[in-house]
Amino acid sequence: MPESRVAHVAAEVERLCRVLGPGALLPGERELAETCAVSRSTVRLALADLTSRRVVERRHGAGTYARRTAPAHPLDAVSFRADMERRGLRPATRVLWSDELPADEELAAELGIGPDEPVVRIARLRLADDEPMAREVLHVPASVAPGLCGADLADGASWYEVLELRYGRRVADGTQTAEPVLATGEDAALLGVPAGSPAWRFVRTSRDECGATVERVDALVRADRYLVELPITRPRGRHR
């Protein structure tokens, strides 16, 4: 099959992506084949190439879409809502479940509390422009936020606003690790990606203005929709 035909279809789809804009639904294989006067197998090859180059996104049973860009931003101590808004995306949240459990030794150490002290857990699905962005599990010492439950964070409520307005604590800083992983099982289904898709696992602990740890967040984030910008500096001293 002449490569020029595949390239012709790819060029036409890239043009449509620019015209229609990020996130737009693109014409189906049959329509593209008729428009470009090629076979559907040629269209499939072109779409496979564009998918590998991250120009388009193919969703099983839903069609092909112009891929949204994922602007990079530094990791700051801001809420998900603020983070998405500064990326030009519309945030939303769905509470998946919530419970309370005694802290094991590892969790207690991370939260700065004693073993077996109660911890509230709230699992949330984070969305941006109505598409899944992240699955988060929030851990909060019950002593930090007495009476907190999943319903308190429903309907888009901000945890950081609840923490500040109801409990008088404001997040000041924290520590976060970032690990590349693969989304599998239920997590992949929640994020709307095929099993085995690349993802980021962020684990964050945050402190209030008095230095007390107020949260631990374990998040699985779609790698195709979230870019991170990390500042670098050259250490002073001898050059080698």
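Check the entry above for the structure.
A quick note: this is a predicted structure, and the numbers were derived from the prediction, not measured.

Caption draft 1: Structural context of the sheet that holds strand β8 (residues 197-208). Read from one edge of the open sheet, six strands run β4-β5-β6-β9-β8-β7, paired in antiparallel fashion. A strand with exactly one partner marks an edge of an open sheet, and here the two such strands are β4 (91-102) and β7 (171-183). On average, each strand axis in the sheet is tilted by 15° relative to the strand beside it, whichever way the strands run. Of the strand pairs in this sheet, β8 and strand β9 (residues 213-222) are connected by nine bridges, and their pairing is antiparallel. Among the inter-strand pairings, Phe 202 is bridged to a residue of β9, identified as Ala 219.

Caption draft 2: Representation of unusual backbone geometry in the model. A positive phi angle is found at Asp 116, which is not glycine, with a value near 75°. Position of Asp 116 relative to the elements: it lies in the loop between α5 (105-111) and β5 (118-128). For Asp 129, which is not a glycine, the phi torsion comes out positive at approximately 55°. As for its placement among the helices and strands, Asp 129 is situated in the loop between β5 and β6 (131-141). A residue is classified by how much of its surface remains accessible, and Asp 129, at 17% relative accessible area, is buried.

Caption draft 3: Focus on the packing of aromatic side chains. Taken as a whole and assessed by the stated rule, the structure comprises one aromatic pair. Ring centres 5.9 Å apart and planes at 10° place the aromatic pair Trp 200 and Phe 202 in the stacked group.

Caption draft 4: Structural view of helix α2 (residues 29-36). Restricting attention to buried positions, one finds in α2 the residues Glu 29, Leu 32, Ala 33 and Cys 36. All buried residues of α2 lie within an arc of 100° about the axis, which places them on one face of the element. Exposed and facing more than 90 degrees away from the buried side of α2 are Arg 30, Glu 34 and Thr 35. Where α2 ends, the next residue or the one after it, Ala 37, has phi of about 55°, a positive value.

Caption draft 5: Fine view of the pairing of strand β2 (residues 63-66). Judged from the four bridges that link them, strand β1 (residues 56-59) and β2 form a sheet pairing that is antiparallel. In the strand pairing of β2, Arg 58 is matched with Thr 64. Hairpin remark: β1 followed by β2, antiparallel, with three residues in the connecting loop; positive phi at Gly 61, about 80°.

What counts as what
Residues numbered from 1 in each chain as written. Predicted model: local features only at pLDDT ≥ 70, side-chain atom pairs only at ≥ 80, totals over all residues. Heavy atoms only, no water. Pairing = 2+ DSSP bridges. Helix = DSSP H or I, 4+ residues; strand = E, 2+ residues; numbered from the N terminus. Axes fitted to C-alpha atoms, helices over the stretch in contact; angles between N-to-C directions. Buried < 20%, exposed > 50% of the residue type's maximum accessible area, 1.4 Å probe, protein only. Phe/Tyr/Trp six-rings, centres within 6.5 Å; stacked < 30°, edge-to-face > 60°. Arc of directions from axis to C-beta.

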